[in-house]
Amino acid sequence: MKKFLAVLLTLAMVLALTACGNGGNGGNGGNSGNGNGGGGDADGGQSSGEPIKVGVYLPLSGANAAVGQSGVEGIEMAVEEINAAGGIAGRPIEIIKEDEENDPTTAVSVVNKLINQDEVVAIIGSVNSSVTLAAMEVSEDAGIPMVTPISSGAAITGSGNQYIVRGQANDLLQAGAVVEYAIAKGYQKIGLMYQNDDYGGGARDVIVEIMKENNMTLAADEGFEASAADVTPQLQNVKAAGCDCLIMYCMYAPGATIANQAAQLGMGDLPLLGGGGLTNAKLYELGGENVVGVVNSQTFLAGADAVNEFSAKFIENFQAKYNDTADSNNAMAYDSTYILAEGLKYSLEQYNDLSGDHIMEGMKAIKDMPLATGTITIDETGDSIRDKILMVELCEGGTYKLAE
């Protein structure tokens, strides 16, 4: 790992000089200031062997398209770096992208295509836990490893599926961190609104259990459909219960709906908390002043002190490549690509093949690997175990800071 890092850091300096000569480049094109390692050929240099096909399925349209695009940015940046450093044993990674439209049925269809038509050896995806849960049954049946960069539902790695790895932090950690934050802040009457699917419902079960361990119960417990345009009935129940804070476990779009309608009901001063699904620039775009002050769990914050050298280089290189500050979804997708690269490299080095079982063996052998979101160990279930979960607060203008 250190040898690869050294090679890539040297490559970063060369590319950085080139970038200075060419000028900055925003958007998806342009040169990447490579600086990180983990999957490259120890000899360095551009990869030129037979491509290793990796499928990517993300919501590139629909309700979670902003998260899907962030994921693509992170994956493409990681692949560019790995390939520029020699690829995997001299073989470049080739990604084949599919839009799962934030729909489990579509996800099953595109994953079947990636496996049976495109003949990928591994898959990265997706965002919504319900989507990933449906798609990973297909990859399990085919013996194809899947790395989910963003889905946090506890059922994903709790299902017994032997071909799944997660880059995101499990909701057992994230939802737990949210409840512990609320308790530490002294809130006594905690309300919960959750989107009624595997993501929100799974988090609800964790929240209820952790509160029970603290001899507490939810003052309000309200489910809603993620597509709901009106959540005022649930908010009225939260208001009637006299809640002193509200956990909204949902994605960014329904989170904005809750905040906007809470303000309309005179509940604008109610502290709002939530999980990592809220972290997106679209939350501020949709909610404006009503979402300023929202606190949620997260694995990464570019504005915080970098957790390691790998993370510092990622933040710097992402800014140079996309002319933008990396968000958590960029970082988790980037990390997930490097996790998969370790599995591919291990399989080729140890067995001279790319079988699903050997790739999984390699990923589950990862221990204390420095990545953008922290130092990661993959446990037997496929979960990424990291040193801590952050709590971040949304500020004026849509920026984030560490919550106090």
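Rules used in this analysis
Residues numbered from 1 in each chain as written. Predicted model: local features only at pLDDT ≥ 70, side-chain atom pairs only at ≥ 80, totals over all residues. Heavy atoms only, no water. Helix = DSSP H or I, 4+ residues; strand = E, 2+ residues; numbered from the N terminus. Areas by Shrake-Rupley, 256 points an atom, 1.4 Å probe, with all protein chains shown as cover. Polar contact = N/O pair within 3.5 Å; in protein donor to acceptor, adjacent residues only side chain to side chain. Contact = heavy atoms within 4.5 Å. 1 Å grid on protein atoms, 1.4 Å probe; cavity = no way out; pocket = protein on both sides within 12 Å on 5 of 7 lines; lining within 4 Å. Points joined across faces, edges and corners; volume = space filled by probe spheres on them. Nonpolar A, V, L, I, M, F, W, Y, C, P; charged D, E, K, R; others polar. Phe/Tyr/Trp six-rings, centres within 6.5 Å; stacked < 30°, edge-to-face > 60°. Buried < 20%, exposed > 50% of the residue type's maximum accessible area, 1.4 Å probe, protein only. Pairing = 2+ DSSP bridges. Axes fitted to C-alpha atoms, helices over the stretch in contact; angles between N-to-C directions. pLDDT = per-residue confidence, 0-100. Expected span 1.5 Å × (residues − 1). Right-handed = clockwise from strand over helix to strand, strands pointing away. Salt bridge = Lys/Arg side-chain N within 4 Å of Asp/Glu carboxyl O.

Trainee: Would you take a moment to explain the overall build of the protein for this structure?
Mentor: Check the secondary structure of the protein and you find 13 helices and 15 strands. Only carbon and sulfur atoms are counted for the fraction: they give 48% of the accessible area of the protein, which is about 15,400 Å².

Trainee: Looking at this model, I keep getting lost on the side chain of S336. Mind explaining?
Mentor: Inspection of the secondary structure puts S336 in helix α12 (residues 328-351). A polar side-chain atom of S336 sits 2.8 Å from the main-chain carbonyl oxygen of M332. Ignoring sequence-local partners within four residues, the contact set of S336 consists of V147, T148, P149 and G167.

Trainee: Help me understand empty space enclosed by the protein, please; the structure alone is not making it clear to me.
Mentor: Summary: where empty space remains is shown by rolling a probe the size of a single water molecule over the atoms. What the rule picks out here adds up to one cavity of 30 Å³ or more. If you add up the space inside the largest cavity, you get close to 120 Å³. Lining the largest cavity are 16 residues; nearest its centre among them are I150, Q168, M251, G276 and G277. Tallied by class, the residues present in the lining of the largest cavity amount to six nonpolar, ten polar and no charged.

Trainee: What is the right way to look at the packing of aromatic side chains in this model?
Mentor: Remark: the centre distance and the inter-plane angle together describe each pair of aromatic rings, the angle taken between the planes. Per the counting criterion, the structure on display carries nine aromatic pairs. Measuring from ring centre to ring centre gives 5.3 Å for F310 and Y338, while their planes differ by 85°; the resulting arrangement is edge-to-face. With F310 in helix α11 (residues 309-322) and Y338 in helix α12, this pair connects stretches of sequence that are 28 residues apart. You can call F310 buried: its relative accessible area is 3%.

Trainee: Help me out: how do you make sense of the sheet that holds strand β3 (residues 122-124) in this one?
Mentor: The pairing of strands in a sheet comes from backbone hydrogen bonds and takes either a parallel or an antiparallel form. Here we have five strands laid out as an open sheet, ordered β2-β1-β3-β4-β5, and parallel in their pairing. The open sheet terminates on both sides in strands that have one partner only, identified here as β2 (93-99) and β5 (164-166). Each strand of the sheet is rotated relative to its neighbour by a mean of 25°, with strand direction disregarded. Of the strand pairs in this sheet, strand β1 (residues 52-58) and β2 are connected by seven bridges, and their pairing is parallel.

Trainee: Please clarify how the confidence of the model for the protein should be interpreted in this entry.
Mentor: Reading predicted coordinates in detail is not appropriate for stretches of low pLDDT. Taken as a whole, the protein shows an average pLDDT of 89; of its residues, 89% reach a score of 70 or greater. Low confidence marks residues 1-35, where pLDDT is under 50. Its contacts with residues over four positions away, or in another chain, come to 68 contacts.

Trainee: Looking at this model, I keep getting lost on α12. Mind explaining?
Mentor: Think of an α-helix as 3.6 residues a turn; residues three or four steps apart then line up on the same face. When the terminal C-alpha atoms of α12 are compared, their 34 Å separation across 24 residues agrees well with the 34 Å that a helix rising 1.5 Å per residue should span. The buried fraction of α12 is high, at 20 of 24 residues. For α12, the N-terminal capping position is held by D327, with its side-chain oxygen 3.0 Å away from the main-chain nitrogen of N329. Just past α12, the residue N352 takes up positive phi, approximately 55°.

Trainee: What is the right way to look at the environment of M267 in this model?
Mentor: Relative to the helices and strands, M267 is located in the loop between α9 (252-264) and β9 (272-274). For the pair M267 and L235, spaced 32 residues apart in the sequence, the C-alpha separation amounts to 8.8 Å. Excluding anything up to four places from it in sequence, M267 contacts L235, V238, K239 and A262.

Trainee: Help me understand the pairing of β1 in this model?
Mentor: A regular strand places its side chains so that they alternate between the two faces of the sheet. Within β1, six of the seven residues are buried, which leaves the element mostly enclosed by the surrounding structure. Between the parallel pair β1 and β2, the chain is carried across by helix α2 (residues 65-84), and the sense of this crossover is right-handed. In terms of strand pairing, β1 meets β3 through three bridges, oriented parallel. Bridge pairing links V56 to I124 in β3.

Trainee: What should I look at first to understand the layout of surface pockets in this one?
Mentor: Its boundaries defined by the atoms lining it, the largest pocket holds a volume of some 540 Å³. If you trace the largest pocket, you find 26 residues lining it, with A281, D324, T325, A326 and D327 closest to the centre. Contributions of two or more residues to the lining of the largest pocket are made by α2, α10 (281-287), α11 and α12. The leading source of residues in the lining of the largest pocket is α2, at four residues. Among the residues making up the lining of the largest pocket, the classes are represented as eleven nonpolar, twelve polar and three charged.

Trainee: Honestly, the environment of L301 in this entry has me stumped. Any pointers?
Mentor: Of note, L301 is situated in the loop between β10 (295-298) and α11. Taking the relative accessible area as the measure of exposure, L301 reaches 14% and is therefore buried. Sequence separation between L301 and A326 is 25 residues, and the spatial gap between their C-alpha atoms is 8.2 Å. In this structure, L301 is in contact with L390, V392, Y400, K401 and L402, ignoring residues within four places of it in sequence.

Trainee: Hey, could you run me through the pattern of salt bridges in this one?
Mentor: One side chain can pair with another of opposite charge once the charged atoms of both are near each other. Evaluated as defined, the whole model comprises eleven salt bridges. Among the salt bridges present, the one from K113 reaches D118, with a minimum N-O distance of 2.6 Å. Using a relative accessible area of 25% as the deciding quantity, one classes K113 as partly exposed. Note that K282 is salt-bridged to E285, the shortest N-O span being 3.2 Å. In this pair, K282 and E285 are both assigned in helix α10, three residues apart and thus about one turn of the helix distant. You can call K282 partly exposed: its relative accessible area is 32%.

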